[in-house]
Amino acid sequence: MSANSSRLVKLLIIIGIAIALWLLPVPEGVKPDAWHLMAIFIATVIGLILSPYPLGAMAMFSLTSVAILGLLSIKDVLAGFSDPTIWMIACAFFISRGFIKTGFGRRIGLLFISKLGNSSLGLAYGLVFTDLLFAPAMPSTSARCGGIITPLFRSISEAYDSTPEKGTQRRIGAFLVQSIFQCNAITSAMFMTSMAGNPMVAKLAAQLGIHISWTDWALATLVPGILSLALIPYLIYRFYPPELKKTTEMRAIAVERLREMGRMTRDEWVVLGVFLGLVTFWVLGSTLNIDATLTALAGLSVLLLSRALSWDDVVGEKEAWHTVVWFAVLMTLAGQLNKMGLIAWLGQLAGNAVSGFHWLPMLGILLLVYYYSHYLMASAIAHISAMYAIFVSIALAAGAPPMLTVLAFGIFSNLFMSTTHYSSGPAPILFGCGYMPLATWWKIGFFISLVVIPIWLGIGGMWWKVLGFW
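In this report, we go over the structure that sits alongside the text.

### Examining the overall build of the chain
Move 1: Helices and strands together make up the secondary structure of the chain, namely 22 helices and zero strands.
Move 2: The C-alpha radius of gyration computed for the chain amounts to 23 Å, which stays within 12% of the reference 23 Å derived for 470 residues, consistent with globular compactness.
Move 3: Taking the principal axes of its C-alpha atoms as reference, the chain extends roughly 70 × 55 × 50 Å.
Move 4: Taken over 470 residues, the chain has a buried fraction of 55%.
Move 5: If you take every contact in the chain between residues at least 6 apart in sequence, the share linking residues at least 24 apart comes to 79%.
Move 6: Accessible area of the chain: about 19,100 Å², with a carbon and sulfur share of 68%.
Move 7: Between the centroid of the 28 positive side chains of the chain and the centroid of its 20 negative side chains there is a distance of 6 Å.

See below:
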């Protein structure tokens, strides 16, 4: 089947689902407009999963359909583009471009390697720490992985003659690529601004009446996140070890490359200052009553005023504008469904279905289903759009504590990205380097899930108890 034929088939499937849901009898207690809007929303999510067109294009088709069918006014349709959360995440995308453009990200990576590069395990930790350091201000996992971490990993592998072309992947490259991939899911889970879907989670939680601050999220993930990052490279080192154990030369190579880079440039200092300012005011924002979006806008303005970033850099940041479009559309539809009472109706329905069940085992089962169902998904955003609000509603209906519930599902919305070679933006980037066969990639992903899930549900659960979330 040709690409055009495949696209047409997928499009017909999506339209067919929308029509079928539209024509179903409207349940008692639901407004017809709410039911019909839900049909468009579900078809949109299916469109994000099947992807006959890019996410942004599918979102625009959905928005246009809602307006043409008279479900929402054009003013309501476009209201999502004024949401502060959307512009906070867009600004963070623009700011993250500064880490790559100025070379500051590469410098920090080389600095970690120069300190930890005596062994292959040390190199893995150096790359993971680099990812962790930039995670709070880089919501694009693809930019972090593709723009900063992957070039460093490739240069290390090639320095030790570990390449797929020569059949020497196991020398060090295969070990490094899995350490990076598995830990990227953890760093993405640790901050509200470290993955594009996290602000969406916070917004969906807010629509349910539960507010998550940047600090709430960071505190919740601190203990299980650090423990996971400490264990994962070591476990991969033990169960999928590199042939090369000692890499004493790499420290000297990193030092030499840092010497070649010279002193930090003016633009790098500006980027460092903005980065520290962002994290500081995001942490203290609730205390100082400073809006997170205002902080992001101020950081971007400093980069533009100093010319560390040009306006062309901002205009050319396609992933950011792409995110603005699909984020605005999904938030518009989800918000309107909530206003029309459909979410409350679903919650009541879920409550009736789980009456009599204790919330604790119910929450655990739902989180496991939520995690492993990502094997069927090629996008964390599509997964969140399709399942987050429903699963949270079921858990809340069973009596689960609100803050614990919304945060747990938000965190798992990142953890499940460590499963397959198509699970997230970094997955195809790293798998495409060719260092590991597909079967091994999946085996390691499943093995790590057996470690990560107990850490977050067990130790994480105890930490959340200390924080008062339940």
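### Focus on the pattern of salt bridges
Move 1: All chains considered together, the criterion is met by nine salt bridges.
Move 2: As a salt-bridge pair, E158 and R154 come within 3.9 Å of each other at their nearest N and O atoms. Highlighted residues: E158 and R154, both in helix 8 (residues 141–159), separated by four residues, approximately one helical turn.
Move 3: The class of E158 is partly exposed, set by a relative accessible area of 45%.
Move 4: A relative accessible area of 28% means that R154 is categorised as partly exposed.

### So, unusual backbone geometry
Move 1: Residues other than glycine seldom take positive phi values, yet S51 does so here, at roughly 50°.
Move 2: Of note, S51 is situated in the loop between helix 2 (32–50) and helix 3 (55–68).
Move 3: A positive phi angle is found at D161, which is not glycine, with a value near 55°.
Move 4: With respect to the helices, strands and loops of the structure, D161 is situated in the loop between helix 8 and helix 9 (173–189).

Cut-offs and rules
- Residues numbered from 1 in each chain as written.
- Predicted model: local features only at pLDDT ≥ 70, side-chain atom pairs only at ≥ 80, totals over all residues.
- Heavy atoms only, no water.
- Helix = DSSP H or I, 4+ residues; strand = E, 2+ residues; numbered from the N terminus.
- Rg over C-alpha atoms; globule rule 2.2 N^0.38 Å.
- Buried < 20%, exposed > 50% of the residue type's maximum accessible area, 1.4 Å probe, protein only.
- Contact = heavy atoms within 4.5 Å.
- Areas by Shrake-Rupley, 256 points an atom, 1.4 Å probe, with all protein chains shown as cover.
- Lys, Arg positive; Asp, Glu negative; His and termini not counted.
- Charge placed at Lys NZ, Arg CZ, Asp CG, Glu CD.
- Salt bridge = Lys/Arg side-chain N within 4 Å of Asp/Glu carboxyl O.

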